[in-house]
Amino acid sequence: MAIASIAGIELSYRVAGPEGRTPVVFIHGYTGNLRNWSLQVKALTARGGFRCLSADNPGHGDSSAPGDPRAYDLDQVAEVLHQLAVARDFAPAILFGHSMGGAIAEEYAIRYPAHVRALVLVGSAGGASGPERLGMLEQVDAMRAVYAAAGGGRAGMGAVHDARQAATPVPGQDALPAETRAFLREEFMRTHWLGYEQGARALHTRAETLTALAAFGKPTLLVHGAAESDALKRVSADLAMTIPGARRVVIPDAGHSPQFENPEAFNREMFAFIDALPAGN
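Definitions and limits used
- Residues numbered from 1 in each chain as written.
- Predicted model: local features only at pLDDT ≥ 70, side-chain atom pairs only at ≥ 80, totals over all residues.
- Heavy atoms only, no water.
- Axes fitted to C-alpha atoms, helices over the stretch in contact; angles between N-to-C directions.
- Helix = DSSP H or I, 4+ residues; strand = E, 2+ residues; numbered from the N terminus.
- Parallel < 35°, antiparallel > 145°, perpendicular 65-115°, else oblique.
- Left-handed = near helix turned anticlockwise from the far one by under 90°.
- Contact = heavy atoms within 4.5 Å.
- Nonpolar A, V, L, I, M, F, W, Y, C, P; charged D, E, K, R; others polar.
- Buried < 20%, exposed > 50% of the residue type's maximum accessible area, 1.4 Å probe, protein only.
- Pairing = 2+ DSSP bridges.

Draft legend 1. Molecular detail of the packing of helix H5 (residues 153-167) against helix H6 (residues 178-188). Interaxial distance between H5 and H6 falls to 8 Å at its minimum, and their mutual angle equals 130°. Judged on the interaxial angle alone, H6 and H5 are oblique. Here H5 and H6 pass one another in a crossing that is right-handed. Along its contact with H5, which presents Arg154, Met157, Gly158, Ala159, Val160, His161, Asp162 and Arg164, the element H6 presents Arg185, Glu186 and Phe188. By residue class, the composition of the contact of H5 with H6 is four nonpolar, two polar and five charged.

Here you go:
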């Protein structure tokens, strides 16, 4: 694990694979961290020919949690991650984004299309910006007292995880083995309260990206689990209708996080997409 200081944020990141290989950049989702992509990084580096960059978003994992709310806005996170990628020679890259990370990846691709070779959006929370807004602010308001009652910190985030999962389970996670669910709870607890609170605000106020993505001319893969929420299935459908030539696939036996809920099927689709990319694209 390494740390980069960018725009006043201490970003925790990891690079895997030798220099000079095809660059791949991974962006994780809300309350996740860079380890959410570990099974894809492992598969790519084992195959050879790839160099992977994954980072913890502000307020998540081992990255710092800035006090300035603007630091969590999706366009600002995209900017910081882009600066990290360019500084580490990850451009143009195959860009992956999951959930909130999908919305960040959309901002990244819109702003820096020359630095994106191809785009993979997994259960993206981007696309249109409408009245539904995924109910994020209401969720945070409900969890604030839970967090405080548990004493804050990691214990507080553990209580938030349990209360949130009881009220609105993450699609697909209830079907996972008990040890996997316990691991994901531990990962959730590594989210700082500011990352949780301000990440929700950033999702609520996210910009509409469909208009700009209609002009995005790079290969795009859209992925979601068969048990994904209806709201995010609609986002995927909107993106498929908007991005020219985008391919949409549904991963069986998976919900919101198919990359680790059904990694064998996910990685098969990932490699099929990557192998079909035009040479030198």
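Draft legend 2. Local environment of the environment of Ala145. Mapped onto the elements of the fold, Ala145 is located in helix H4 (residues 136-149). For Ala145, a relative accessible area of 55% puts it in the exposed group. Sequence separation of Ala145 and Ala91 is 54 residues, and the distance between their C-alpha atoms is 43 Å.

Draft legend 3. Layout of the sheet that holds strand S5 (residues 93-98). Taken together, the eight strands give an open sheet; going across it, the order is S1-S2-S4-S3-S5-S6-S7-S8, and neighbouring strands pair in mixed fashion. Either end of the sheet is taken by a strand with one partner, and the two such strands are strand S1 (2-6) and strand S8 (247-251). Neighbour-to-neighbour, the strand axes of the sheet open up by a mean angle of 25°, direction not taken into account. Note that S5 and strand S6 (residues 116-122) share six bridges and pair parallel. Paired with Ala93 across the two strands is Val116, which belongs to S6. Strands in contact with helix H1 (residues 38-47) are strand S2 (9-16), strand S3 (22-27) and strand S4 (50-55); relative to S4, the strand with the most contacts, it is inclined by about 160°. Here helix H9 (residues 230-242) sits on the sheet and contacts S6, strand S7 (220-225) and S8; the angle it forms with S7, its principal contact strand, is near 160°.

Read these as layout, nothing more, since geometry by itself doesn't imply function.
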